Amino acid sequence: MVSSQVLQKTLDELRNITRIDLCVTNTDGVLLVTTFPETAIDAESIRSFVLSAADSQIVQEYHYFKVYDNQNVEYILISKGSSDDAYMIGKVAVCEIQNLIIAYKERLDKNNFIQNLLLDNLLLVDVYNRAKKLRIDTDVRRVVFMVETKMEKDISAQETVKSLFASRPKDFITAVDEKSIIIVKELKDTDTFEDMNQTARMLVDMLNAEAMSQVRVSYGNPVSEIKSVSRSYKEAKMALEVGKIFYADKNVVPYNNLGIGRLIYQLPIPLCEMFMTEVFGENLPDTFDEETLTTINKFFENNLNVSETSRQLYVHRNTLVYRLEKLEKSTGLDIRKFDDALTFKIAMMVVSYMTYMNNSENL
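Residues numbered from 1 in each chain as written. Predicted model: local features only at pLDDT ≥ 70, side-chain atom pairs only at ≥ 80, totals over all residues. Heavy atoms only, no water.

S.K.: I would appreciate a short explanation of the overall build of the protein chain in the present structure.
M.R.: A count of helices and strands for the protein chain gives 13 helices and 10 strands. For 363 residues, the compact-globule estimate of 2.2 N^0.38 gives 21 Å, and the C-alpha radius of gyration of the protein chain, at 30 Å, exceeds that figure by more than 25%. Referenced to the eigenvectors of the C-alpha coordinate spread, the extents of the protein chain come out at roughly 95 × 45 × 40 Å. In the protein chain, which comprises 363 residues, the proportion classed as buried is 42%. Per element, the accessible surface of the protein chain, about 20200 Å² overall, is 50% carbon and sulfur. For the protein chain, the centre of its 42 positive side-chain charges and the centre of its 53 negative side-chain charges are spaced 3 Å apart. (Helix = DSSP H or I, 4+ residues; strand = E, 2+ residues; numbered from the N terminus. Rg over C-alpha atoms; globule rule 2.2 N^0.38 Å. Buried < 20%, exposed > 50% of the residue type's maximum accessible area, 1.4 Å probe, protein only. Areas by Shrake-Rupley, 256 points an atom, 1.4 Å probe, with all protein chains shown as cover. Lys, Arg positive; Asp, Glu negative; His and termini not counted. Charge placed at Lys NZ, Arg CZ, Asp CG, Glu CD.)

S.K.: Is there a simple way to think about the sheet that holds strand S6 (residues 142-149) in this case?
M.R.: Across a sheet, paired strands are connected by hydrogen bonds in the backbone, their directions being either parallel or antiparallel. Pairing is mixed across the open sheet formed by 5 strands, whose spatial order is S7-S8-S6-S9-S10. Each having just a single partner strand, strand S7 (172-174) and strand S10 (252-254) make up the two edges of the open sheet. Sheet twist, expressed as the average angle between the axes of neighbouring strands with direction ignored, equals 15 degrees. Summarising the sheet, S7 and strand S8 (residues 180-186) pair through 3 bridges and their orientation is antiparallel. From the neighbouring strand, Ile-173 faces S8, where its bridge partner is Ile-183. Along the sheet face, helix H5 (residues 155-164) touches S6, S7 and S8 and points at about 10 degrees away from the line of S8. Along the sheet face, helix H6 (residues 193-210) touches S6, S8, strand S9 (215-219) and S10 and points at about 160 degrees away from the line of S9. (Pairing = 2+ DSSP bridges. Axes fitted to C-alpha atoms, helices over the stretch in contact; angles between N-to-C directions. Contact = heavy atoms within 4.5 Å.)

S.K.: It is not clear to me how the nonpolar core should be interpreted in this structure. Could you clarify?
M.R.: Taken as a class, soluble globular proteins show a tendency for nonpolar side chains to be buried jointly. Counting residues in hydrophobic clusters, the biggest one holds 34 residues, and the most contacted among them are Phe-246, Phe-280, Ile-296, Ile-335 and Phe-344. Breaking this core down by element, the ones donating at least two residues are helix H7 (229-246), helix H9 (269-280), helix H10 (290-301), helix H11 (306-313), helix H12 (317-331) and helix H13 (338-362). Per-element accounting of this core gives the leading share, 8 residues, to H13. Ignoring anything within four residues of it in the chain, the contact list for Phe-344 reads Phe-280, Phe-288, Ile-296, Phe-300, Leu-327, Thr-331, Leu-333 and Ile-335. (Core = buried A, V, L, I, M, F, W, Y, C linked by side-chain atoms within 4.5 Å.)

S.K.: Can you help me understand the sheet that holds strand S5 (residues 72-80) in this one?
M.R.: The antiparallel open sheet is built from 5 strands, whose spatial order is S2-S1-S5-S4-S3. Of all the strands in the sheet, just strand S2 (31-34) and strand S3 (56-59) have a single pairing partner and so form its edges. In this sheet, neighbouring strand axes are inclined to one another by 25 degrees on average, regardless of whether the strands run parallel or antiparallel. In this structure, S3 lies alongside strand S4 (residues 62-69), joined through 4 bridges in antiparallel fashion. Looking at the pairing, Ile-58 lines up with His-63 of S4. With respect to the sheet, helix H1 (residues 4-18) is in contact with strand S1 (22-25), S2 and S5, its orientation differing from that of S2 by roughly 40 degrees.

S.K.: What should I look at first to understand the side chain of Arg-262 in this one?
M.R.: As for its placement among the helices and strands, Arg-262 is situated in helix H8 (residues 260-265). When residues no more than four places from it in sequence are discounted, the contact partners of Arg-262 are Met-238, Val-242, Tyr-255, Asn-256 and Asn-257.

S.K.: Please explain the environment of Arg-336 as it appears in this structure.
M.R.: Tracing the backbone shows Arg-336 in the loop between H12 and H13. Separated by 30 residues in sequence, Arg-336 and Val-306 have C-alpha atoms that sit 8.3 Å apart. If we ignore the near neighbours within four places in the chain, the residues touching Arg-336 are Phe-299, Leu-304, Val-321, Leu-324, Glu-325 and Glu-328. Here Asp-334 takes part through its side chain, which lies 3.0 Å from a polar atom of the side chain of Arg-336. (Polar contact = N/O pair within 3.5 Å; in protein donor to acceptor, adjacent residues only side chain to side chain.)

S.K.: Would you take a moment to explain the pairing of S2 for this structure?
M.R.: When a strand is regular, its side chains alternate between the sheet's two faces. In the sheet, S1 pairs with S2 via 3 bridges, with the strands oriented antiparallel. The partner of Val-24 across the bridge, within S2, is Val-33. What sits between the antiparallel neighbours S1 and S2 is a turn of 5 residues, in which Gly-29 has the positive phi angle 85 degrees.

S.K.: Got a minute to help me understand the packing of aromatic side chains in this structure?
M.R.: Aromatic ring pairs are reported here in terms of the distance separating the ring centres and the angle at which the planes meet. This structure, assessed with the given rule, holds 8 aromatic pairs. Ring centres of Phe-65 and Tyr-87 lie 5.6 Å apart, and the angle between their planes is 40 degrees; on these two criteria the pair is classed as tilted. Here Phe-65 is found in strand S4, whereas its partner Tyr-87 is found in helix H3 (residues 84-118), with 22 residues between them in sequence. Looking at Phe-65, the relative accessible area reads 2%, which means it is buried. (Phe/Tyr/Trp six-rings, centres within 6.5 Å; stacked < 30°, edge-to-face > 60°.)

S.K.: So what exactly am I meant to see when it comes to helix H2 (residues 43-51) here?
M.R.: The α-helix winds at 3.6 residues per turn, so residues separated by three or four positions along the chain end up facing the same way. Turning to H2, its buried residues are Ser-45, Ile-46, Phe-49 and Val-50. An end-on view of H2 places all buried positions within 145 degrees of arc, on one side of the element. On its buried face, H2 sits against S1, S3, S4 and S5. Among the residues of H2, the N-terminal cap falls to Asp-42, whose side-chain oxygen and the backbone nitrogen of Glu-44 are separated by 3.2 Å. (Arc of directions from axis to C-beta.)

S.K.: What's the story with the packing of H5 against H6 in this structure? I'm lost.
M.R.: Packed helices, taken two at a time, are described by their axes: the angle between them and the distance between them. Between H5 and H6, the least distance of the axes is 10 Å, while the angle of their chain directions is 130 degrees. In terms of their interaxial angle, H5 and H6 are classed as oblique. By crossing handedness, the relation of H5 to H6 is classed as right-handed. Taken together, the residues of H6 that come into contact with H5 (itself represented by Ala-157, Thr-160, Val-161 and Leu-164) are Met-202, Leu-203, Met-206, Leu-207 and Glu-210. Taken together, the residues of the contact of H5 with H6 break down into 7 nonpolar, 1 polar and 1 charged. (Parallel < 35°, antiparallel > 145°, perpendicular 65-115°, else oblique. Left-handed = near helix turned anticlockwise from the far one by under 90°. Nonpolar A, V, L, I, M, F, W, Y, C, P; charged D, E, K, R; others polar.)

Shown next as structure tokens:
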């Protein structure tokens, strides 16, 4: 059904042009929208008109018209006045509203199709048949963006995203859960990953500024056929999850830049536990104190450079060396050496992954 806001705007525009007052009711005679200064609707006469065979009728000083959705009466439009002008404007308004009904149904059909396409709920033959029926191109490049908001059903964020892509009718905005907004974006042949990253950054900046909503955006790899859109969606979804686990400081996470986080995310938990026991025994990295963890993270950020790390931590070089040697005694790993540093870095990422999965299971 067409929204009341759209119906009201349509009637207001016609009223401003023609000076003919109009209103729309449902089939029970309940007023939906109107331009009448004072609207006195005879519900009984409307119900009688609905049951009649006529498509239009004059009742006292009003023209009544039926507005159809296929073969069913959806609305009753009333044009004030019994003149030919009132009749003509009433017919124009009926055509406008029926076109709106068709457009809304087509949009809903497209939204339903895109949702099922993303979730792999369609047979291959149905994908192409429905795409053809809905006039959706099947052989163009597309990529899926996912926008995760902190609030469930963030209407403000959804409206902002829709306004950003309002001039691009071949892009689709939808959702398959409560916290994520999905954009299926059509790409040019010349669009690169940098162009996609700029789109993601634009989404973050605009939503932070206009919707006042802290968001995280991910995107998959581009695909060239409509049947592969679900793959880009799955990649974007994985990128969102991997980003939350391993790259919490980033608000744009592309699937093609997940690094080792992608590999760890796909490991079974028993294998992770075996690896952690093999490397650390009982002294797991998540049991380290805050000072030790800060030292380790800063050391990695500075590419194992002792001098730069001690400067940024505001400690003497010998103090940093003492902390690293203390860590070596407790773990058996000297993170000043590349191989040990690599093992330790991977282990810390595995701990983050195991913690995340454990918390997810407890929700």
